[in-house]
Amino acid sequence: MTATSLIERIAAAVGPQGLITDVRDLEPYVVDWRGMHRGTTPAVVRPASTEQVAAVMKICAETRTPVVPQGGNTGMCGASVPSAGGGEIVLSLARMNRVLGVDALDNTLSVEAGCVLANIQQAAAAADRLFPLSLGAEGSCQIGGNLSTNAGGVNVLRYGNTRDLVLGLEVVLPDGEIWNGLRGLRKDNTGYDLKHLFIGAEGTLGIITKAVLKLFPQPKAVATAWLAVPHPQAALELLALLRQRCGERITAFELISRNCLDLVLRHIPGTRDPLTAAHDWYVLTEVADSSADNALREDLEQALATAMENSLVTDAAVPESRAQAQALWRMRESIPEAARAEPGMVYRHDIAVAVSQVPSFIRDAGAALEQRFPGAHVICFGHLGDGNLHYNAYIHGRQRSDNAARDAHDVAETVYDIVQRYRGSFSAEHGIGLYKVEELRRYKSAVEVGLMRAVKHALDPHNLMNPGKVL
Ligand code: FAD
Ligand code: ZN
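Bear in mind that the values here come from a model prediction, so they are computed numbers and not experimental data.

Trainee: Tell me what's going on with the overall build of the protein chain, and back it up with residues and numbers.
Mentor: Counting secondary structure elements, the protein chain contains 17 helices and 19 strands. Relative to the compact-globule value of 23 Å for 471 residues, the protein chain shows a C-alpha radius of gyration of 23 Å, a close match. Structurally, the protein chain occupies a C-alpha span of about 75 × 55 × 45 Å along its principal axes. Here the protein chain holds 471 residues, and 54% of them are scored as buried. Across the protein chain, every contact between residues at least 6 apart in sequence was considered, and the portion connecting residues at least 24 apart equals 74%.

Given below as structure tokens:
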């Protein structure tokens, strides 16, 4: 089939509004958020319903046309864009952006996959409920992308990853069949739990079109603190102390190194240092309770007073208002943006080790990088409460414009070999995509990779779904 007749058939399935072929209009769909990968595509297809997705997938299966599903295109590993010469069409879920319903008794919310995360949070709040997934990209990432990457974010400590927030899915399979697994059940042990195959699959097994999500009580009291800590070990001990005093009310516990804060102050307008003096490390923590009349803030302040007596905390800013707390969160959430604005090549690593081993990992990885790349400069931040760090390195003399520097795996190898020694994960949040395919082969066992290939082959025998990604 010629490219023209393929496009004509797809156009007939989705209508003129559902198709983009003009080269200038294709641009935002073919470059990834980090600006590291640019692909090409004959067309971006924007279906408006599950039935249209199914019709497009049938045409693609028949014509053996590969497909890249795309949500908000905020992914960090190049999984959401087509390859440089692969001829994949991009299937964008952006028009399927309706909240289908909130059930306050079941505590569920049903959505189409193209719903922007922030709109889902708002729909839950309007029903006096919480949808707890929260991340820096929430204003543009879509729930289909969150599901497909099993996104984490800042509330995992209390509520889990995206995987833990889902009850049911609807998926269009590579052959165009629709699997309706849109059940809102809390319990269901009727065989393999198929939804979990598609969650975190990065668009390689099918297209998620709808989801039933879990809701939680809306917090009525929230207290936030920005704390200076002398070193990561003190942060870890502080977490243990807070757990004792505040229990499961801790929703976030983020570690931030001083040079992250410096980057934010340099590149993000309207930000200022929350404390008067500079410190090497910070913790941004939040506690929340669904009852308004409890002593949440007092509990937090008393715990912090103990932490100060024990030299775990050396200075603190405890905001008086929600706006002040949001300004602190903006500092934390702007770190990726600030890192992107910094000149020089940034090597990003999104790793996890056991929570208790985070301080020694930071020490060992820093020493190994310095030994192999003298003058290496690390910016380290992340979800200490989950043992997950964004551990990013700038290597002296390597510029972003230099392709060789971009493609070098030597920095990643230095960091991931240590992660491996700790029995950790070389990709705790962002996935494999295009950028970590080599690492998957290097660090996962043959048995694990073999099982993954078997699943891929069973669902997508012609390798049409996001080819070249993950496996
Ligand atoms: P996309 O980037 O469009 O796609 C991601 C993957 O999902 C691709 O493989 C794509 O093919 C697939 N996909 C998308 N939609 C579908 C669908 N409907 N069906 C099947 N496959 C689909 N991530 C975290 O985990 N935690 C963070 O704290 C975090 N912070 C971030 C902060 C910033 C500033 C930015 C830019 C990104 C951050 N990310 C974070 C990464 C990113 O936001 C998440 O991976 C997000 O879940 C991606 O959603 P998206 O809609 O943009 O997906
Ligand atoms: Zn993160």
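Trainee: I'd like a description of the coordination of the zinc ion (ligand 2), backed by residues and values.
Mentor: The protein atoms that coordinate the zinc ion (ligand 2) are His 383 (NE2), His 390 (NE2) and Glu 429 (OE), at distances spanning 2.1 to 2.2 Å. Spacing between the donor residues of the zinc ion (ligand 2) along the chain follows H-x6-H-x38-E. Judged by its relative accessible area of 6%, His 390 falls in the buried class.

Trainee: Tell me about empty space enclosed by the protein, and name the residues and values.
Mentor: With a probe scaled to a water molecule rolled over the atoms, the places where space remains empty come into view. Taken as a whole and judged by the stated rule, the model has four cavities of 30 Å³ or more. If you add up the space inside the largest cavity, you get close to 70 Å³. Taken together, Arg 34, Met 36, Arg 340, Met 345, Val 346, Arg 348 and Arg 400 form the lining of the largest cavity.

Trainee: Tell me about the sheet that holds strand E1 (residues 19-20), residues and numbers included.
Mentor: Strand order in the open sheet formed by four strands is E1-E2-E4-E3, and the pairing between neighbours is mixed. The two strands at the open ends of the sheet, each matched to only one other strand, are E1 and strand E3 (67-70). The pairing of strand E2 (residues 44-45) with strand E4 (residues 89-92) spans two bridges and is classified as parallel. Bridge pairing in E4 places Val 44 opposite Val 90. Sitting on the sheet, helix H3 (residues 50-63) touches E2, E3 and E4, and the angle it makes with E4 is about 165°.

Trainee: Give a detailed account of the pairing of strand E18 (residues 377-383), specifying residues and quantitative values.
Mentor: When you tally the buried positions in E18, you get five out of seven residues, the bulk of the element. Across two bridges, the pairing between strand E13 (residues 250-257) and E18 is antiparallel. In the strand pairing of E18, Ile 256 is matched with Phe 381. In this sheet, strand E19 (residues 388-394) lies alongside E18 in antiparallel orientation, the contact comprising seven bridges. Opposite His 377, over in E19, you have Tyr 394 as the bridge partner. Two successive antiparallel strands, E18 and E19, enclose a turn made up of four residues, where Gly 387 displays a positive phi of approximately 70°.

Trainee: Tell me about the layout of surface pockets, residues and numbers included.
Mentor: Taken as a whole, the second largest pocket holds about 1,100 Å³ of empty space. Lining the second largest pocket we find 42 residues, and of these Gly 200, Ile 432, Leu 440, Lys 444 and Met 452 sit closest to its centre. Secondary structure elements with two or more residues in the lining of the second largest pocket: helix H5 (143-149), helix H7 (195-198), helix H16 (437-443) and helix H17 (446-459). Here the lining of the second largest pocket takes six residues from H17, the largest share from any one element. Classifying every residue of the lining of the second largest pocket by side-chain character gives 16 nonpolar, 17 polar and nine charged.

Trainee: Quick rundown of the pairing of strand E9 (residues 178-181)? Include the residues and the values.
Mentor: Judged by which residues are buried, E9 turns out to be one-sided: Trp 179 and Gly 181 face inward and are buried, whereas Ile 178 and Asn 180, on the alternate face, are not. As paired elements, strand E8 (residues 166-172) and E9 share four bridges and run antiparallel to each other. Residue pairing in the sheet places Leu 169 in a bridge with Gly 181 of E9. Here E8 folds back onto E9 in antiparallel fashion, the turn holding five residues, of which Gly 176 has a positive phi close to 95°.

Trainee: Explain the environment of Leu 275 to me, and be specific about the residues and the numbers.
Mentor: Within the fold, Leu 275 resides in the loop between helix H9 (258-267) and strand E14 (281-289). Judged by its relative accessible area of 7%, Leu 275 falls in the buried class.

Trainee: Help me get a handle on a nonpolar patch on the surface, residues and values and all.
Mentor: Nonpolar side chains collect at one region of the surface, where Tyr 192, Leu 194 and Leu 197 lie side by side and expose about 350 Å² of accessible area between them. Topologically, Leu 194 is positioned in the loop between E9 and H7.

Trainee: Please set out the site of ligand 1 residue by residue, giving values where relevant.
Mentor: Residues in contact with ligand 1 amount to 34 residues; listed here are only the nearest, Pro 69, Gly 71, Gly 72, Thr 74 and Gly 75. For ligand 1, an oxygen atom lies 2.6 Å from a polar atom in the backbone of Pro 69. Alone, ligand 1 offers 970 Å² of accessible surface; in the complex the protein occludes 97% of this. Of the residues belonging to the shell around ligand 1, the class tally is twelve nonpolar, 20 polar and two charged.

Trainee: I'd love a proper account of the sheet that holds E8, names of residues and values included.
Mentor: Overall, antiparallel pairing links the five strands, which are arranged E5-E6-E10-E8-E9 in an open sheet. Each of the sheet's edge strands pairs with one partner strand only, and the pair in question is strand E5 (99-103) and E9. Across this sheet, the average inter-strand angle for adjacent strands is 10°, counted without regard to direction. Sitting on the sheet, helix H4 (residues 117-126) is in contact with E5, strand E6 (108-112) and strand E10 (207-214), with an inclination near 145° to E6.

Trainee: Can you break down unusual backbone geometry residue by residue, with the values?
Mentor: Phi is positive for Asn 107, which is not a glycine, with a value near 55°. Mapping Asn 107 onto the fold places it in the loop between E5 and E6. We note that Asn 466 has phi near 45°; this positive angle belongs to a residue other than glycine. Mapping Asn 466 onto the fold places it in the segment after H17. In this structure Asn 466 comes out as buried when scored by relative accessible area, which is 1%.

How each quantity is defined
- Residues numbered from 1 in each chain as written.
- Chains lettered and ligands numbered in written order.
- Predicted model: local features only at pLDDT ≥ 70, side-chain atom pairs only at ≥ 80, totals over all residues.
- Heavy atoms only, no water.
- Helix = DSSP H or I, 4+ residues; strand = E, 2+ residues; numbered from the N terminus.
- Rg over C-alpha atoms; globule rule 2.2 N^0.38 Å.
- Buried < 20%, exposed > 50% of the residue type's maximum accessible area, 1.4 Å probe, protein only.
- Contact = heavy atoms within 4.5 Å.
- Donors = N, O, S within 2.8 Å, 3.2 Å for Na, K, Ca; no water.
- 1 Å grid on protein atoms, 1.4 Å probe; cavity = no way out; pocket = protein on both sides within 12 Å on 5 of 7 lines; lining within 4 Å.
- Points joined across faces, edges and corners; volume = space filled by probe spheres on them.
- Pairing = 2+ DSSP bridges.
- Axes fitted to C-alpha atoms, helices over the stretch in contact; angles between N-to-C directions.
- Nonpolar A, V, L, I, M, F, W, Y, C, P; charged D, E, K, R; others polar.
- Patch = residues over 30% accessible without salt bridge, like charges linked within 9 Å, V, L, I, M, F, W, Y side chains within 5 Å.
- Areas by Shrake-Rupley, 256 points an atom, 1.4 Å probe, with all protein chains shown as cover.
- Salt bridge = Lys/Arg side-chain N within 4 Å of Asp/Glu carboxyl O.
- Near = heavy atom within 4 Å.
- Polar contact = N/O pair within 3.5 Å; in protein donor to acceptor, adjacent residues only side chain to side chain.

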